[in-house]
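So the chains spell out like this:
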2 protein chains.
Amino acid sequence: MPVDFMDELRRREQRVVGYFSDPRFRDWFRPEHLQRAVYAYIERPGKRLRPAVLLFSCGAVGGDEDVALPAAAGIELFHTWTLVHDDVIDHDLKRRGGPTVHEQGRQMGAEELGLQPAAAIDYGNDLAILAGDVQQGWSVCLFAELAAKGVPPEVVLSLIARLESHVLNELIRGELLDVQFATLDLDSLQQDAIIEMLWLKTGILYEFAAMAGAMIGLATPDTDDPTVQAIGQFAAKCGTAFQLQDDILGLVGDERALGKPVGSDVREGKGTTIVYHAFRQAKDSQREFLKRVLGNRQADDADVAQVMRLLRDLGGVEYTNTLAKEYIAQALPCLDGLRPSPSKELLLAWAHFMIEREF
Amino acid sequence: MPVDFMDELRRREQRVVGYFSDPRFRDWFRPEHLQRAVYAYIERPGKRLRPAVLLFSCGAVGGDEDVALPAAAGIELFHTWTLVHDDVIDHDLKRRGGPTVHEQGRQMGAEELGLQPAAAIDYGNDLAILAGDVQQGWSVCLFAELAAKGVPPEVVLSLIARLESHVLNELIRGELLDVQFATLDLDSLQQDAIIEMLWLKTGILYEFAAMAGAMIGLATPDTDDPTVQAIGQFAAKCGTAFQLQDDILGLVGDERALGKPVGSDVREGKGTTIVYHAFRQAKDSQREFLKRVLGNRQADDADVAQVMRLLRDLGGVEYTNTLAKEYIAQALPCLDGLRPSPSKELLLAWAHFMIEREF
């Protein structure tokens with residue numbers, strides 16, 4: 001990975017964060033608890049890989065990244081609201097090195113409003129639901145601002161309609177499949193279904209980010225344009241690989257670099273290809289143990305650590321790593337039709353970064 | 001109220017329901033549990049007062065109601081997703097004569113997925129959060145469809161941006177104030193704060209519905225247009241009166257006509273002008289009793305019934321009824337600048353219906 005890729009990534013991050021940190025937005029969100037909830041994740045360090053692929057894609061088709069900036073900020077916010085609601089659903093307590101929005105809300109309810117424990121939990125969840133709701137609206141507004149940058153209104157409407165129908169619906173379908181998988185018996189877990197869920201939960205939004213960048217760069221409202229489609233396919237495959245890598249890091253990653261506890265996926269019973277593969281390789285006694293611990297929120301630390309070792313030892317991590325590399329290998333040729341440019345180079349470097357990252 | 005007003009209202013309802021019942025939308029929402037959650041409220045009987053004021057406003061400025069139909073469907077859906085999330089937040093079990101979305105989801109989780117009681121509750125809440133999320137997106141998509149009806153894209157973008165910023169943010173602020181009020185001591189409840197909360201939670205969306213109808217009818221993206229502003233003020237005041245009437249019906253209404261249990265506002269500790277006025281009129285012993293029962297989810301039926309009697313006897317209902325009538329009286333002159341037309345007559349009849357309704 002060339003050193004300058006990380007520089008280029010950080011430069012985009014600064015511009016995107018600068019865009020949605022503009023003070024004109026802050027007063028939109030009141031009372032103060034809601035404002036703190038809305039800004040919680042976006043003010044913490046993040047990789048901002050979705051805005052990056054949007055901007056690189058715009059440049060790679062000959063467009064001006066500056067024009068696409070509102071959409072880059074919009075896609076990051078769209079991703080953010082899904083995290084806020086996901087965290088409520090998954091009962092997660094940490095995200096990006098701090099408390100999740102609903103956990104932070106619980107603390108505010110208890111400490112600042114003097115609520116009893118059960119009422120404080122409700123208050124935190126309420127705050128997170130409402131914060132995610134306004135973030136969804138904010139992200140749509142950021143896309144609408146493209147018109148002021150000179151993007152034709154038909155293109156802007158096409159982007160908003162696709163984001164709020166196909167992209168949103170597939171993403172939520174993936175999230176609900178994820179919820180339903182956690183209720184399934186391990187014997188019923190199917191690899192195809194897991195991959196479909198990953199594609200929906202992560203691939204779809206990456207696909208849209210790249211398509212949006214290309215549509216803005218080409219000033220076309222046509223989502224079926226061959227260049228738009230090719231660049232979308234590229235990003236969707238990389239996004240699926242990204243999620244496979246995420247599942248790996250959830251088992252073998254560094255807790256501080258990740259900003260969330262390693263092992264939470266185990267207690268949550270998350271349906272991953274790691275679990276799928278390991279379970280198929282396991283002996284009967286190991287299967288019984290896996291069934292007992294996976295998805296058991298009360299599981300003790302020793303059992304969780306033992307499951308994590310077992311998933312590695314049975315080859316689940318290696319298997320998933322190979323899968324992720326295959327997705328990247330399939331993604332790269334999608335860009336063959338693009339003429340050489342620095343932006344195209346950045347897209348290729350971005351693809352490799354998706355699975356080489358350690359956080 | 002002229003008999004034909006109800007006919008006119010029902011005709012609009014049929015057209016709006018017909019629009020979002022189009023089979024082309026149904027496949028957007030999968031898996032099946034999500035689809036059932038998304039359609040739950042919109043398939044039950046409803047008053048559809050927001051789409052009605054949008055269509056009447058379009059006609060009253062000389063526009064074609066048919067062109068505004070996607071927006072009318074969009075505003076009803078926007079209202080619907082806020083109900084779905086509100087019901088999760090308020091732990092309500094009934095809405096429009098059936099189970100709330102999260103309660104229906106809990107039943108599906110228990111009966112169809114075999115989940116244990118606590119897991120089924122989580123599943124129902126997850127489903128309702130996600131269903132509201134996709135409904136928000138769907139409503140934006142319906143607005144985007146205005147462009148295909150010939151509404152200039154600049155007007156469509158202006159409507160979407162206002163809905164997803166000002167309207168959404170004020171509405172959510174109102175919802176959070178409502179949540180916070182339920183945690184307040186009765187002594188701290190202020191009438192101004194209650195009215196502001198009503199204005200935000202209900203008035204804002206009515207204001208937008210009327211503004212949207214007028215902007216479509218006038219083909220203007222200008223939210224500051226004097227006619228657009230006047231018609232918006234009219235609807236906002238009527239919307240606030242509507243919510244005051246809603247609080248009254250929550251105490252003295254007919255359970256079957258309302259489709260939800262009378263008395264739930266008492267257990268929830270809802271901050272209303274009824275409670276505010278009655279508490280100010282109450283003797284010390286009555287205040288103690290009100291404090292003990294209001295907001296106590298475990299309160300028994302006899303205590304709840306006694307509180308409801310007390311709120312009436314202390315004049316809370318009459319006081320609130322007078323307030324509602326004042327808002328309607330202030331609203332009517334806002335339409336003075338509109339030339340006479342059947343649509344204007346319907347707007348005036350609609351205003352009276354907002355507080356004369358018994359369901």
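Please read these numbers as outputs of a predicted model, since none were measured by experiment.

J.: What's the story with the packing of aromatic side chains in this structure? I'm lost.
T.: Aromatic rings in a pair are described by how distant their centres are and how their planes are angled relative to each other. Residues and elements named next belong to chain A. Here the structure, examined in full by the defined rule, presents 30 aromatic pairs over all chains. Here the aromatic residues Phe-20, Phe-25, Trp-28, Phe-29, Tyr-39 and Trp-138 are joined through ring pairs into a cluster of three or more. The ring centre of Tyr-39 lies 4.0 Å from the NZ or CZ of Arg-26, which sits over that ring.

J.: Hey, could you run me through the relation of the copies chain A and chain B in this one?
T.: One copy of the chain maps onto the second through a rotation around an axis plus a translation along that axis. Least-squares fitting of chain A to chain B yields an RMSD of 0.0 Å, with the transformation described by 0.0 Å of translation along the axis and a rotation of 180°. A rotation of that kind, with that shift, is consistent with a two-fold axis. Residue Pro-153 of chain A, judged by its C-alpha, is the member of chain A lying nearest the rotation axis, at 2.9 Å.

J.: Looking at this structure, how should I read the confidence of the model for chain A?
T.: Interpreting fine coordinate detail is not advised for predicted regions of low pLDDT. For chain A, mean pLDDT is 95; residues scoring 70 or higher make up 99% of the total. Two numbers describe this predicted complex: its pTM, 0.96, and its ipTM, 0.96.

J.: When you look at the interface of chain A and chain B in this model, what are you seeing that I'm missing?
T.: Accessible area lost upon the coming together of the parts serves often as the stated size of an interface. If you look at the interface, chain A gives 46 residues, while chain B gives 46 residues. When chain A packs against chain B, close to 4,000 Å² is buried across both sides, 73% of that on carbon and sulfur atoms. On the chain A side of the contact with chain B, Leu-130, Leu-157 and Leu-176 of chain A bury the most area, a combined 15% of that side's loss. The interface formed by chain A and chain B contains zero salt bridges. On the surface where chain A and chain B come into contact, there are eight residue pairs in polar contact (both at pLDDT 80 or more). Elements supplying a minimum of two residues to the side of chain A that touches chain B: helix 3 (32-39), helix 5 (65-90), helix 7 (117-144) and helix 8 (153-181) of chain A. A total of 18 residues in the side of chain A that touches chain B trace back to one element, the largest contributor, which is helix 8 of chain A. The class makeup of the residues in the side of chain A that touches chain B is 28 nonpolar, nine polar and nine charged.

Conventions used here
Residues numbered from 1 in each chain as written. Chains lettered and ligands numbered in written order. Predicted model: local features only at pLDDT ≥ 70, side-chain atom pairs only at ≥ 80, totals over all residues. Heavy atoms only, no water. Phe/Tyr/Trp six-rings, centres within 6.5 Å; stacked < 30°, edge-to-face > 60°. Lys NZ or Arg CZ within 6 Å of the ring centre and 35° of its normal. Least-squares fit on C-alpha atoms with pLDDT ≥ 70 in both. pLDDT = per-residue confidence, 0-100. Contact = heavy atoms within 4.5 Å. Buried area = accessible area lost by both parts, 1.4 Å probe. Salt bridge = Lys/Arg side-chain N within 4 Å of Asp/Glu carboxyl O. Polar contact = N/O pair within 3.5 Å; in protein donor to acceptor, adjacent residues only side chain to side chain. Helix = DSSP H or I, 4+ residues; strand = E, 2+ residues; numbered from the N terminus. Nonpolar A, V, L, I, M, F, W, Y, C, P; charged D, E, K, R; others polar.

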